[in-house]
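Overview (structure and organization)
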Amino acid sequence: MRVIRFPPKFDHGAALRVPPPNDQASWQKLWAWLGDEARSVAEGAAVQVRTPEGPVVAHCGDWIVLSHSGAFHVAHTVRTCDA
């Protein structure tokens, strides 16, 4: 009998957007998701994330991506939020 082999399940990763300063619920979710890989920045609505390339500051509207390898990356966007 021939065994059918399925390809390994691939984790495409996940992403969260840095919320505006007044969205406390989203900030709590973001901090819980980032854990020890991030810290607050004195500048309003910003977070410093540890990436393979070194620390990167993400501002309101930027995307923080968790890749399938388990590393965080920051995708900068045009800033639409003003603190």
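Anything mentioned here points back to the structure above.
Criteria and thresholds
- Residues numbered from 1 in each chain as written.
- Predicted model: local features only at pLDDT ≥ 70, side-chain atom pairs only at ≥ 80, totals over all residues.
- Heavy atoms only, no water.
- Buried < 20%, exposed > 50% of the residue type's maximum accessible area, 1.4 Å probe, protein only.
- Helix = DSSP H or I, 4+ residues; strand = E, 2+ residues; numbered from the N terminus.
- Pairing = 2+ DSSP bridges.
- Arc of directions from axis to C-beta.
- Core = buried A, V, L, I, M, F, W, Y, C linked by side-chain atoms within 4.5 Å.
- Contact = heavy atoms within 4.5 Å.
- Axes fitted to C-alpha atoms, helices over the stretch in contact; angles between N-to-C directions.
- Salt bridge = Lys/Arg side-chain N within 4 Å of Asp/Glu carboxyl O.

**Observations regarding the pairing of strand S6 (residues 72-75)**
Where burial is concerned, the two faces of S6 differ: the one with Phe-72 and Val-74 is buried and the one with His-73 and Ala-75 is not. Pairing analysis gives four bridges linking strand S5 (residues 63-66) to S6, with the strands arranged antiparallel. Within S6, the position partnered with Ile-64 by the bridge is Val-74. If you look at the hairpin formed by S5 and S6, you'll find five residues sitting between the two strands, and Gly-70 has a positive phi there, around 95 degrees.

**Details of helix H1 (residues 24-34)**
Within the span of H1, buried status applies to Trp-27, Leu-30 and Leu-34. For H1, the angular spread of buried residues about the axis comes to 65 degrees, placing them on one side. Exposed residues on H1 whose side chains face more than 90 degrees from its buried face are Ala-25, Gln-28, Lys-29 and Ala-32. One or two residues past the end of H1 sits Gly-35, with phi positive at roughly 60 degrees.

**Looking at the nonpolar core**
With 13 residues, the main nonpolar core has Val-18, Leu-30, Leu-34, Val-47, Val-49 and Ile-64 as its most contacted residues. Sorting the residues of this core by element identifies H1, strand S3 (46-51) and S6 as the ones contributing at least two each. Not counting residues up to four positions away in its chain, the partners in contact with Ile-64 are Ala-14, Ala-15, Leu-16, Val-18, Leu-30, Trp-33, Leu-34, Val-47, Val-49, Ala-58, Phe-72 and His-73.

**Looking at the sheet that holds strand S2 (residues 38-40)**
Pairing within the open sheet is antiparallel, and its three strands lie in the order S2-S3-S4. In this open sheet, the two strands that pair with only one neighbour each are S2 and strand S4 (54-59). Pairs of neighbouring strands in the sheet enclose a mean axial angle of 25 degrees, with direction left out of account. Bridging between S3 and S4 involves six bridges; their strand directions are antiparallel. Counted as the bridge partner of Val-49 is Val-56 from S4. Running at roughly 20 degrees to S3, H1 makes contact with S2 and S3 of the sheet.

**Some details on the pattern of salt bridges**
Overall, the coordinates contain one salt bridge when judged by the stated rule. The salt bridge involving Arg-50 is made with Glu-37; its shortest N-O contact spans 3.6 Å. Here Glu-37 lies in the loop between H1 and S2 and Arg-50 lies in strand S3, a separation of 13 residues in the sequence. Judged by relative accessible area, which is 29%, Glu-37 ranks as partly exposed.

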